[in-house]
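Breakdown of the fold
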Amino acid sequence: MDNYYDVDDDQLMGLFFTKEMADNVLLYEKTVQIVGIVTSVERKRESKPITKITLSNHLNEHIYVVIWCENILEQYKDMLVPNKVLHMDGLFARNRSQYNKGNYGHDYTVMSNTIIRVLRDQFIPRASDSQEEVHRIDSFIDCINYEKMCVEVEGYIKMPIQKTNTKSGATINQGCLSDCMKYKLEIRMPTIYPMDEFTIGSHVKVTGRVVLDPYFLLEVDHKDHIILLSKSKEDKKSYQDLLKGKLNPVHSTVMIEEGDTPSKKMKIM
């Protein structure tokens, strides 16, 4: 049976898992089906190897699926690639575990009779997919007022956006912006994309979600949410200018210095 399909955007939006679906799943149910975007694939070594797959939907909500059996992993490993859209049919709903903190439903295990299909080789989010308001901010320090919200901000590439590994073993894209005045802003992308066009000093506009971990940073879903504004080498900032942005946006117990002008809604904790 051919396990590769190409579902169009309108159909895909109606297939992604939802909170309602997850809440409806019964413990130990063995016929769970989930459609989601592969966000990350992690290999963990415990009493025996385990592969943890994080699936997201178009609203950036997450569900965890695990594979315990090496034979099953070997069968589907070519499909377990970030940004592929998968349909998993016949998952086993287990107790919620340490791998599923803060996410929907139970743990879902791929069994020997589970069928995995690829519905799309690459998912590109559309701005209309999310009902969230995107807040335009003028300064990186404004991030502290928009935790867990989507913002749009401009800056300059201080550290190239490149593939790296997290402490948990996940592979992500990571980079850093500078405002060329005082602050820097880390960029994280859970899915790996080539980002060669975003060179040091480039002027960019970024849309992402503000996350506190442990300082404020931006999580960006897709490379299309980073727009290159530099038109020529003259539009780029020098390395000396980039180095001026050296402070992370954090809650502060001190008064804002004159010249820092965060929005009127700003709360300095």
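Every value quoted in this text rests on a predicted model; they were computed, and no experiment measured them. (Residues numbered from 1 in each chain as written. Predicted model: local features only at pLDDT ≥ 70, side-chain atom pairs only at ≥ 80, totals over all residues. Heavy atoms only, no water.)

A tally of regular secondary structure across the protein gives 4 helices and 13 strands. The burial tally for the protein puts 47% of its 269 residues in the buried class. Within the protein, contacts between residues at least 6 apart in sequence are counted, and of these 63% link residues at least 24 apart. (Helix = DSSP H or I, 4+ residues; strand = E, 2+ residues; numbered from the N terminus. Buried < 20%, exposed > 50% of the residue type's maximum accessible area, 1.4 Å probe, protein only. Contact = heavy atoms within 4.5 Å.)

Another point: the pattern of salt bridges. As enumerated under the stated definition, the model contains 12 salt bridges in all. Note that Asp-213 is salt-bridged to Arg-188, the shortest N-O span being 2.7 Å. In this pair, Asp-213 sits in the loop between β11 (203-212) and β12 (216-219) while Arg-188 sits in strand β10 (residues 184-189), placing the two residues 25 residues apart along the sequence. Its relative accessible area of 38% is what places Asp-213 among the partly exposed residues. Relative accessible area serves as the criterion here: at 18%, Arg-188 is assigned to the buried category. As a salt-bridge pair, Glu-197 and Lys-223 come within 3.2 Å of each other at their nearest N and O atoms. Here Lys-223 lies in the loop between β12 and β13 (226-228) and Glu-197 lies in the loop between β10 and β11, a separation of 26 residues in the sequence. Here Glu-197 falls in the partly exposed class, since its relative accessible area comes to 39%. Each of Arg-136, Asp-138, Glu-152 and Glu-154 takes part in a single network of salt bridges with overlapping partners. (Salt bridge = Lys/Arg side-chain N within 4 Å of Asp/Glu carboxyl O.)

What follows deals with the packing of aromatic side chains. Under the defined criterion, the tally for this structure stands at 1 aromatic pair. Aromatic pair Tyr-28 and Phe-92: ring centres 6.2 Å apart, planes at 25 degrees, arrangement stacked. Pair noted here: Tyr-28 is in the loop between α2 (19-24) and β1 (32-45) and Phe-92 is in strand β4 (residues 85-94), with a separation of 64 residues, a long-range link. Phe-92 sits in the buried class, given a relative accessible area of 14%. The ring centre of Phe-92 lies 5.8 Å from the NZ or CZ of Lys-30, which sits over that ring. When the ring centre of Tyr-64 is taken as origin, the NZ or CZ atom of Lys-52, which lies over that ring, is 4.5 Å away. (Phe/Tyr/Trp six-rings, centres within 6.5 Å; stacked < 30°, edge-to-face > 60°. Lys NZ or Arg CZ within 6 Å of the ring centre and 35° of its normal.)

Moving on, we come to the pairing of strand β8 (residues 150-165). With 3 bridges connecting them, strand β7 (residues 134-136) and β8 associate as parallel partners. Its bridge partner lying in β8, Val-134 is registered against Cys-150. Pairing of β8 with β11, which is carried by 7 bridges, proceeds in the antiparallel orientation. For Val-151, the partnering residue across the bridge sits in β11 and is Gly-208. Judged from the 7 bridges that link them, β8 and strand β9 (residues 171-178) form a sheet pairing that is antiparallel. Residue pairing in the sheet places Met-159 in a bridge with Cys-176 of β9. (Pairing = 2+ DSSP bridges.)

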